[in-house]
Amino acid sequence: VSRSELSEHLDTIDSSLDNLQALLSTHGFSMDSALLDIQDLLSNQEQQKPTETEPGAGDSGIPR
């Protein structure tokens, strides 16, 4: 792959991302708020995981 082909490919990706951002922003959706929402969801899932002391935590519950 030549440098010019790589550069064209990167320009295409950049343009596509710009178009996507524009499309999403017209629908009241911003990448920043989406990332924050995803981080909130992930942190909530982390907090809801059972701790090691709770029954049922661990592999499958089958004694070794």
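- Within an unreviewed UniProt entry, the label attached to the chain reads HSF1 protein, and the organism entered is Rhodinocichla rosea.

1. Some details on the overall build of the chain
At step 1: Summing up its helical and strand segments, the chain has two helices and zero strands in all.
At step 2: For the chain, with 64 residues in total, the buried portion stands at 2%.
At step 3: Split by element, the accessible area of the chain, about 6,100 Å² in all, is 56% carbon and sulfur.

2. Points about a nonpolar patch on the surface
At step 1: A surface patch of nonpolar side chains, amounting to about 700 Å² of accessible area, comprises Val1, Leu6, Leu10, Ile13, Leu17, Leu20 and Leu23.
At step 2: Note on placement: Val1 falls in the segment before α1 (3-26).

The rules we used
- Residues numbered from 1 in each chain as written.
- Predicted model: local features only at pLDDT ≥ 70, side-chain atom pairs only at ≥ 80, totals over all residues.
- Heavy atoms only, no water.
- Helix = DSSP H or I, 4+ residues; strand = E, 2+ residues; numbered from the N terminus.
- Buried < 20%, exposed > 50% of the residue type's maximum accessible area, 1.4 Å probe, protein only.
- Areas by Shrake-Rupley, 256 points an atom, 1.4 Å probe, with all protein chains shown as cover.
- Patch = residues over 30% accessible without salt bridge, like charges linked within 9 Å, V, L, I, M, F, W, Y side chains within 5 Å.
- Salt bridge = Lys/Arg side-chain N within 4 Å of Asp/Glu carboxyl O.

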